[in-house]
Structures are given as structure tokens and as C-alpha cells.
Amino acid sequence: MELKAWVFVTFVCVLQTASCFQFQVGNRAGWRVPLANQTQLYNEWASRERFTIGDTVRFKYKKDSVMEVNKTEYNECNSSRPNFFSNNGDTTYTLDRSGFFYFISGATGHCEKGQRMIVWVIGQDEDSTAGSQPKSYASKIHNAVPLYVLFLIMSVFQFLA
Ligand SMILES: *[C@@H]1O[C@H](CO)[C@@H](O)[C@H](O)[C@H]1NC(C)=O
Ligand SMILES: *[C@@H]1O[C@H](CO)[C@@H](O)[C@H](O)[C@H]1NC(C)=O
Ligand SMILES: *[C@@H]1O[C@H](CO)[C@@H](O)[C@H](O)[C@H]1NC(C)=O
């Protein structure tokens, strides 16, 4: 029982601190209509961050919504067919693949005023080329695989014991 708890806590902690990172969209400002002189607010924020597979983006907002759409819909602020929609005020979205993710607000007129964002998620292959990045980021994905394996082995061990 003790071992199981230890493995679980270790797994969760490592997952939180080293393997999977949660990004607060827009930092303290959250997810809202940007000021008229800051229409690129969210893309500027996203371009300063480095997203890898398994990371999450957290949107905090009031009387608004968040949608994940395709590139065409992003460019046109078309909210009619989102791949993902949430309006509960506190939305966590998992970046489960590499490539581009397009987010817009579903509230009328908000996307047009700049409440939209493109997130680029780096692939595992591209990861090794990023030599200038801090080591903690560069080792993130590589650490994740052995940990899952470890967890699996420990679970099996626990099952047999
Ligand atoms: C943007 O406009 C606000 C007021 O509307 C002003 O306080 C702020 O300094 C401006 N920011 C920039 C970067 O010009
Ligand atoms: C986005 O989806 C719409 C249909 O829902 C489609 O017409 C359009 O071609 C798609 N755009 C891209 C870039 O996939
Ligand atoms: C939004 O997208 C849908 C489906 O892709 C399309 O039928 C509709 O015409 C688009 N609306 C606008 C305003 O472009």
C-alpha cells in the first residue's frame, strides 16, 4: 500500500513538473478581448512559449468561450463548426499532438477583435534540433517514456504482490 502511494505521488509530481506543463493563457490577463492596440496579444504570448506534446493550455474567462477550430475557420473567425467548445469559465485543453492548434473565442465579435491564438506544438523529432533551449525543456519528452514504463512495471509488480 505504501509503495503504491509513493509510486503514484512520484508519477504525478514528475508528470506535473518535468513531463507535462500547464500554460496559463495570457498569464494574469486570462482569455478576454484584447485592447485595441494589442490585437496580437495572444499570438505574441504563444510565440514566447514552447509547447510540447502532453502540455496543457488553461483558459480563464468570464462570459466568454473557447473553441478549437481549423485554420480556415481561425482566419475567418468562423465559430459554426468547432472541433472543441467550452464555456465553463475555466478550460484546460491538452495539446495531444504536434503541429498547429487554432483557438478562437466563440463570443460574438470577440475573435475579430483579436481574441484568438495559434499554438504550435513541437514534435519529438524537432525536439533534438532545439539545442539553444533550456535543458529542462529539451529533456521533457525524453523523460516521459521511461516513466510510463516504470509506472507500468510498478503496477504489475503491485498486482502480483
Ligand atoms: C494601449 O492602450 C491603453 C489605453 O487604451 C494604454 O493604457 C496602453 O499604454 C497602450 N499600450 C500600448 C503598448 O500602446
Ligand atoms: C475547415 O473545415 C471546413 C469544414 O468544416 C472546410 O471546409 C475547410 O476546408 C477546413 N479547412 C482546413 C484548412 O482544413
Ligand atoms: C462557416 O463555416 C461553415 C462550415 O465550414 C460554412 O458553411 C459557413 O458558410 C461559414 N460561415 C462564414 C460566415 O464563412
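Structure's up top.
As a starting point, this report considers the structure included with it. Throughout, a residue's number is its position along its own chain's written sequence, starting from 1. Just so you know, chain letters begin at A and ligand numbers begin at 1, following the order they were written in. Given that the model is predicted, a residue must reach a pLDDT of at least 70 before its local features are reported, and side-chain atom pairs must reach 80 or more before they are shown or counted; all residues, however, enter totals for whole chains, interfaces and linings.

Let's shift gears to the site of ligand 2. Being near a molecule or strand means, for a residue, that its backbone-placed C-beta atom lies within 6 Å of it. The full set of residues close to ligand 2 is N70, K71, T72, E73 and R81. In the scheme used here, Gly and all other residues not listed as nonpolar or charged are polar, with Ala, Val, Leu, Ile, Met, Phe, Trp, Tyr, Cys and Pro taken as nonpolar and Asp, Glu, Lys and Arg as charged. Broken down by class, the residue content of the shell around ligand 2 amounts to no nonpolar, two polar and three charged.

Turning to the site of ligand 3, a few remarks are in order. Every residue close to ligand 3 is listed here: E76, N78, S80 and R81. Residues of the shell around ligand 3, tallied by class, amount to no nonpolar, two polar and two charged.

Okay, the sheet that holds strand β3 (residues 56-60) next. Strand-to-strand pairing in sheets goes through backbone hydrogen bonds, with the strands running parallel or antiparallel. Think of it this way: DSSP has to see at least two bridges between two strands before they count as a pair. Helix numbering and strand numbering both begin at the N terminus, where a helix is a DSSP run of H or I of at least 4 residues and a strand a DSSP run of E of at least 2. Spatial strand order, β1-β3-β6: three strands in an open sheet with mixed pairing. Every other strand in the sheet has two partners, leaving β1 (22-24) and β6 (90-94) as the edge strands with one partner each. On average, each strand axis in the sheet is tilted by 25 degrees relative to the strand beside it, whichever way the strands run. Pairing analysis gives five bridges linking β3 to β6, with the strands arranged antiparallel. Axes, fitted as lines to C-alpha atoms, cover a helix only where it is in contact. Angles between the N-to-C directions of the axes lie from 0 to 180 degrees.

With mixed pairing, the five strands of this open sheet are ordered in space as β2-β8-β7-β4-β5. Edge positions in the sheet fall to β2 (51-52) and β5 (84-86), since each has one partner strand and no second. Here strand β4 (residues 66-69) pairs with β5 via three bridges, running antiparallel. Paired with M67 across the bridge in β5 is F85.

Across three bridges, the pairing between β4 and strand β7 (residues 99-104) is antiparallel. Within β7, the position partnered with M67 by the bridge is I104.

For this analysis, nonpolar core means a set of buried Ala, Val, Leu, Ile, Met, Phe, Trp, Tyr and Cys residues linked through C-beta atoms within 7 Å. Whether a residue is buried, exposed or partly exposed follows from its count of other C-beta atoms within 10 Å of its own C-beta, namely 20 or more, 12 or fewer, or something in between, respectively; the C-beta atoms are built from the backbone. Counting 20 residues, the largest nonpolar core has V25, V57, F59, F103, I104 and V119 as the members making the most contacts within it. Those elements giving two or more residues to this core turn out to be α2 (41-48), β3, β4, β7 and β8 (116-122). When neighbours within four sequence positions are excluded, F59 is seen to be in contact with V25, W31, V66 and T91. Here, residues touch in the contact sense if the C-beta positions derived from the backbone fall within 7 Å of one another.

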